[in-house]
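Okay, here's what each chain looks like letter by letter:
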Amino acid sequence: MGNRSRGYLSGRLRPTLLLLMLSILISLPIRCQESLPSVKVTVSSRNQTINRVLDEITLQTGYHFTYDAAIINGRQKVQFRVTDLLLRKTLDSLLMDTQLDFRFIDKNIVIYRKNEITPTPISSTINRALLKGRVVERRSGKPLSYATIALLETSLGTITNQQGEFSFKLPLDLPDPMMVISFMGYKSQVFPVSYPIEEELEIQLDKELIPLQEVIIRYSDPVKLLQEAISRIPINYLDNHSTMTAFYRESVKRNDHCMVYSEAVLKVAKGPYASLSSSDHVSIMKRRKISDVSREDTVLIKLRSGISTSLSLDVIKNRPDFLKDDFQTRYNLEFTDMMTYGDRLVYVISFQQKDEIPDLMFKGQLYLDQESLAVLAADFEFNPDLLHKEPGLFLVSRSPKIHIHPVAAKYHVDYRSVKNRYYVSQVRAEVEMKVRKRRKWFSSRYKISIEMAITDLIPDQRLRINFADRVSRNIVMADEPFQFDPQFWGVHNTIEPETSLMESIRKLVHNNQEIME
């Protein structure tokens, strides 16, 4: 037989399954400073609203204002006149409230009321304050899944779940913390956290429309654009070892039944991005798992190498074939869109395998920062039209008694910035397949999901993980007592389970308790 090719994913970039009897078995740079720019302002307004005065200041300085209407009555009319006055003194004179303060972030000035109340820790053992909320699109109210939630001026972060919900554990040593919410194609929002935190927040993001004068495409050829992006990887991504903390979860469903659910907090020793020979290593700090597989169920799915798969989804460190230097021999590229991410313009490049290549490869989109050409995110999947050609793609071994039909294998990865260098921020993988036993009319549908979010980062710190503590590719998450204890994860940030997933977990716990009784 001749050699065959398929989409290359570093040999590990796929969830592996074990079936019993068959034995088969996922934000941007924010420049912030405490003091306001030392620009001078001249304003002469008679009987104008505070909003109109702030608009006039924006026209003169180019700085936009963000504030909560609960602390400033923008419709209040004032008589206001200043000449060549520093911006800070101008705002103090206009607002006349000594409890208000300002934070200059990129081209935005956030006006907020300084906290006078000490934040309340979650418990005597968790010295953090808890912030919960939901991120939605302002116009439609649609939840924004997997939006990035970051604590300004720190490396702490998390993501929203599929319903746009999040929880965040805030360190108590920050008197006036500010959160940054980012989502591709939407205006990022910075909001100050006010103590006491009395209720869950609803954060509404607006779609960002790109003014025509800003749409300047420097490259007409998407192939040259991606070639340049690949060549800049050594200067766009972390060039030294770093230490990461990550929250990881995986689930396996048969039809609508959740069979396996696992969560873990990981410690990641991340090698430099420019060094493809420097491996990443992981250890498990804390974990829990619950499963519900009856003896009558002859098809048992266990997720193996899920943690290794999530690390391999860092496509900048583990280059798939569509990010190899010779990608143009396999893929057709097309410039398909332009959008914003935070205050950055982003090129969207679509890729698809060439028609003359009959083997299973990929299709998807890459999101490139217009200025640096850093890959900010990637959405890709195995070509669904050809996936049926590789029924054993996700299997360790096969049985003639079982028929496998892969339905979809989709992946996502995105990156954040620290010190003008990017690093992996979140990854997701979702695999679906139909499994039918011989002589049976109906198939079961299996869905395997993996999610990982980097919740903390220490750049330039090299973490050494003992060989015995490293997560191997063959690890299967161990069962731990699963309790609905909000203090289980301590100070670590996590991804909130969706309502449907939480209900499935509750059923699993109930079923396991009945078995034990």
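The rules behind each value
Residues numbered from 1 in each chain as written. Predicted model: local features only at pLDDT ≥ 70, side-chain atom pairs only at ≥ 80, totals over all residues. Heavy atoms only, no water. Helix = DSSP H or I, 4+ residues; strand = E, 2+ residues; numbered from the N terminus. Buried < 20%, exposed > 50% of the residue type's maximum accessible area, 1.4 Å probe, protein only. Salt bridge = Lys/Arg side-chain N within 4 Å of Asp/Glu carboxyl O. 1 Å grid on protein atoms, 1.4 Å probe; cavity = no way out; pocket = protein on both sides within 12 Å on 5 of 7 lines; lining within 4 Å. Points joined across faces, edges and corners; volume = space filled by probe spheres on them. Nonpolar A, V, L, I, M, F, W, Y, C, P; charged D, E, K, R; others polar. Pairing = 2+ DSSP bridges. Axes fitted to C-alpha atoms, helices over the stretch in contact; angles between N-to-C directions. Phe/Tyr/Trp six-rings, centres within 6.5 Å; stacked < 30°, edge-to-face > 60°. Parallel < 35°, antiparallel > 145°, perpendicular 65-115°, else oblique. Contact = heavy atoms within 4.5 Å. Core = buried A, V, L, I, M, F, W, Y, C linked by side-chain atoms within 4.5 Å. Polar contact = N/O pair within 3.5 Å; in protein donor to acceptor, adjacent residues only side chain to side chain.

Draft legend 1. Quick peek at the overall build of the protein chain. Helix and strand counts for the protein chain stand at six helices and 25 strands. Relative to its 517 residues, the protein chain shows a buried fraction of 52%.

Draft legend 2. Here's a closer look at the pattern of salt bridges. Under the definition given, this model contains 20 salt bridges. Ionic pairing is found between R421 and D239, a salt bridge with its closest N-O pair at 3.3 Å. Taken together, the residues R421 in strand β24 (residues 421–437) and D239 in the loop between α4 (233–236) and β15 (242–254) connect sequence positions 182 residues apart. Residue classification places D239 among the partly exposed positions, given a relative accessible area of 45%. Between D369 and R344 there is a salt bridge, with the nearest N and O atoms lying 3.0 Å from each other.

Draft legend 3. Just the layout of surface pockets, in detail. Size it by volume and the second largest pocket reaches roughly 590 Å³. Lining the second largest pocket are 26 residues, with Y146, Q162, R428, E430 and S449 positioned closest to its centre. When contributions to the lining of the second largest pocket are tallied by element, the ones reaching two or more residues are β15, β21 (362–369), β22 (375–382), β23 (402–418), β24, β25 (444–459) and α6 (499–516). Grouping the amino acids of the lining of the second largest pocket by side-chain chemistry returns seven nonpolar, seven polar and twelve charged.

Draft legend 4. Representation of the sheet that holds strand β8 (residues 128–137) in the model. Taken together, the three strands give an open sheet; going across it, the order is β11-β8-β14, and neighbouring strands pair in mixed fashion. Among the strands making up the open sheet, the edge pair consists of β11 (165–171) and β14 (201–205). This sheet shows a mean twist of 35 degrees between the axes of neighbouring strands, independent of strand direction. Of the pairings in the sheet, the one linking β8 to β11 comprises seven bridges and is antiparallel in character. Directly across from A129, in β11, lies its bridge partner L170.

Draft legend 5. Focus on the pairing of strand β7 (residues 108–113). Here strand β4 (residues 64–66) runs beside β7; their pairing, made up of three bridges, is parallel. Residue H64 lies in a different strand from β7, and its bridge partner there is N108. Here six bridges tie strand β6 (residues 100–105) to β7, and the two strands are oriented antiparallel to one another. The partner of L100 across the bridge, within β7, is R113. Between β6 and β7, which follow one another and run antiparallel, lie two residues, and D106 among them has a positive phi close to 55 degrees.

Draft legend 6. Looking closely at the packing of aromatic side chains. Within the structure shown, the criterion is met by 17 aromatic pairs. Centroid distance F488 to W489: 4.7 Å. Interplanar angle 90 degrees. Geometry classified as edge-to-face. Each of the two residues, F488 as well as W489, counts as buried. Three or more aromatic residues link up through ring pairs in this structure, and these residues are F322, Y331, F351, F362, F380, F382 and Y411.

Draft legend 7. Quick look at the packing of helix α1 (residues 50–61) against helix α2 (residues 87–95). Interhelical geometry of α1 versus α2 gives an angle of 170 degrees and a closest axis separation of 11 Å. In this view, α1 runs roughly antiparallel relative to α2, as classed from their interaxial angle. Taking contact as the criterion, the partners of I50, V53, L54 and I57 in α1 are, on α2, L87, T90, L91, L94 and L95. For the contact of α1 with α2, the residue count by class is eight nonpolar, one polar and no charged.

Draft legend 8. Focus on the nonpolar core. Y237, L266, L366, F380 and Y415 are the most contacted members of the largest nonpolar core, which has 79 residues in total. The element best represented in this core is β24, accounting for eight residues. F80, L100, F102 and I109 belong to the second largest nonpolar core, which has 22 residues in total.

Draft legend 9. Highlighting the environment of L85. Along the chain, the position of L85 falls in strand β5 (residues 77–86). Separated by 45 residues in sequence, L85 and K40 have C-alpha atoms that sit 4.9 Å apart.

Draft legend 10. Here's a closer look at the side chain of S310. Its place among the elements puts S310 in helix α5 (residues 306–312). A distance of 2.6 Å separates the side chain of S310 from the backbone oxygen of I307, its partner in a polar contact. Beyond its immediate stretch of four places on either side in the chain, S310 contacts Y248, V427, I450 and M452.

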